[in-house]
Amino acid sequence: MQFALTEDQLAIQEVARRFTADRITPHAAHWDAEHIFPVETIKASAELGFGAIYVSEAGGGIGLGRLEAALIMEAMAYGCPSTSAFISIHNMAAWMIDCFGGDAVKARYLPALVSMEQIASYCLTEPGSGSDAAALKTRAVRDGDDYVVTGTKAFISGAGANDVYVTMVRTGEDGPRGISALVIEKDMKGVSFGANERKLGWHSQPTAQVNFDEVRVPVANRIGAEGQGFAIAMAGLDGGRLNIGACSLGGGQRALDEAVAYTRQRQQFGKAISDFQATQFTLADMATELAAARALLYQAAAKVSAGAPDKTQFAAMAKRFSTDTGMSIADRALQLHGGYGYLMDYPVERIFRDLRVHQILEGTNQIMRMITAREMLRAVN
């Protein structure tokens, strides 16, 4: 069938689902409540190749496409959206090194990233530049065989815990053409970290500022050419947006399943609340919207893998629609639980909190609309 997953894709999905059922779902509530960073579980995912999902086989990865990556992220997010999203970010950083790095930087970093002996963060956002990412101020000044890096990155997943930071810096003029990409190590002199942010959700991963105080970074650690960094960052975000959309699908599916199970056993007015037509209509709408979001995201993933001309538009559309849909489903699932849905004893409360940030990161959903319109109008012209 044209719209069916292949046998290989189904097998990959099943592996990810089993890993989630065994290693993630039973512990996710505890990680959330106690703010535990499950680094051993994250590293265990690398044994299945999930530390380098779309790193090339030549680079030591498993060389899968973006649809396969989405299947993996969706499956893991069913257990814990926060942990799945963290693994996605590592994959994006490793892919940037593999796809755009020279032989030396790939040889230095990829083996440990593929195995997750080392874990990577992606550093683009700054305190003064979020949606306007091309306005970043972190500066790298060439000094012989090094760059001297000074500046601050904000909202960095894994900050302080991770080993490697793929960082966008300004090496030239204002705007996107003056941005380059560097690999910066945690232990380089002058690297420091802010306090762990106190967040609504995503409690299973640390988030903090990364500070660079005249950090000397070898020129050999540059990814791509000078001035290519913004293009690399945007290429990475096409895939990152698919992954965060897939995490919303996984969390949304979990919320829907929890709502179905709860409404079937919850009795009011002498019968299960699933017997009321209002409940049935709500569940039917949730299932329909989730299926529509999944179809769009899978199509967008296929376009990104194929390098289709409209891949950026579809990645933005899918990210916006999937994350809005996932959040809407979590909200209605919580409502169907009534007061119990507001308690941490029930998974929908955690899923609701975790999915909210998906509408903000990897480009806000308002920016996704801007990208979609821009790409549409460009195609017409």
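Please refer to the structure placed before this passage.
Scope of this entry: the structure provided in the associated data block. (Residues numbered from 1 in each chain as written. Predicted model: local features only at pLDDT ≥ 70, side-chain atom pairs only at ≥ 80, totals over all residues. Heavy atoms only, no water.)

1. Regarding the environment of Ala-235
By secondary structure assignment, the location of Ala-235 is in helix α7 (residues 229–265). Once the C-alpha coordinates of Ala-235 and Met-96 are considered, the two residues, 139 residues apart in sequence, prove to be 8.6 Å apart. In this structure Ala-235 touches Trp-95 and Phe-100, once residues within four positions along its chain are discounted. (Helix = DSSP H or I, 4+ residues; strand = E, 2+ residues; numbered from the N terminus. Contact = heavy atoms within 4.5 Å.)

2. Concerning helix α11 (residues 365–380)
Here α11 is 16 residues long and its end C-alpha atoms lie 23 Å apart, about the 22 Å a rise of 1.5 Å per residue gives. If you check which residues of α11 are buried, you get Asn-365, Ile-367, Met-368, Ile-371, Thr-372 and Glu-375. Projection of α11 onto a plane perpendicular to its axis shows the buried side chains occupying an angular sector of 145°, all on one side. Opposite the packed face of α11, turned more than 90 degrees from it, sit the exposed residues Gln-366, Met-370, Leu-377 and Val-380. (Expected span 1.5 Å × (residues − 1). Buried < 20%, exposed > 50% of the residue type's maximum accessible area, 1.4 Å probe, protein only. Arc of directions from axis to C-beta.)

3. Brief notes about the nonpolar core
In this structure, Ile-97, Tyr-122, Val-149, Met-168 and Ile-184 are the most contacted members of the largest nonpolar core, which totals 107 residues. The greatest single-element share of this core, amounting to 12 residues, is contributed by α7. Setting aside chain neighbours within four positions, we find Ile-97 in contact with Val-105, Lys-106, Tyr-109, Leu-110, Leu-113, Val-166, Val-183 and Ile-223. (Core = buried A, V, L, I, M, F, W, Y, C linked by side-chain atoms within 4.5 Å.)

4. Side note on the side chain of Arg-254
Examined against the element boundaries, Arg-254 turns out to sit in helix α7. With residues near it in sequence (within four places) discarded, Arg-254 still touches Thr-25, Tyr-78, Gly-79, Pro-347, Arg-350 and Ile-351.

5. Details of unusual backbone geometry
Not every positive phi belongs to a glycine, and Phe-155 is a case in point at roughly 60°. Topologically, Phe-155 is positioned in strand β3 (residues 146–157). By relative accessible area, which is 59% here, Phe-155 ends up exposed. Of note, the phi angle at Glu-362 is positive, near 60°, even though the residue is not glycine.

6. Notes on the pattern of salt bridges
Tallying each qualifying case throughout the model produces 15 salt bridges. Residues Asp-32 and Arg-353 are paired through a salt bridge, measuring 2.7 Å at the closest nitrogen-oxygen approach. Linking Asp-32 in helix α2 (residues 28–34) with Arg-353 in helix α10 (residues 347–356), this pair joins segments that are 321 residues apart in sequence. By relative accessible area, which is 5% here, Asp-32 ends up buried. With relative accessibility at 10%, the residue Arg-353 sits in the buried group. Here Arg-320 ties to Asp-324 by a salt bridge, and the two come within 3.1 Å at their closest N and O atoms. Residue Arg-320 and its partner Asp-324 are located together in helix α9 (residues 311–336), separated by four residues, close to a single helical turn. A single network of salt bridges, built from pairs that share partners, joins Asp-32, Glu-349 and Arg-353. (Salt bridge = Lys/Arg side-chain N within 4 Å of Asp/Glu carboxyl O.)

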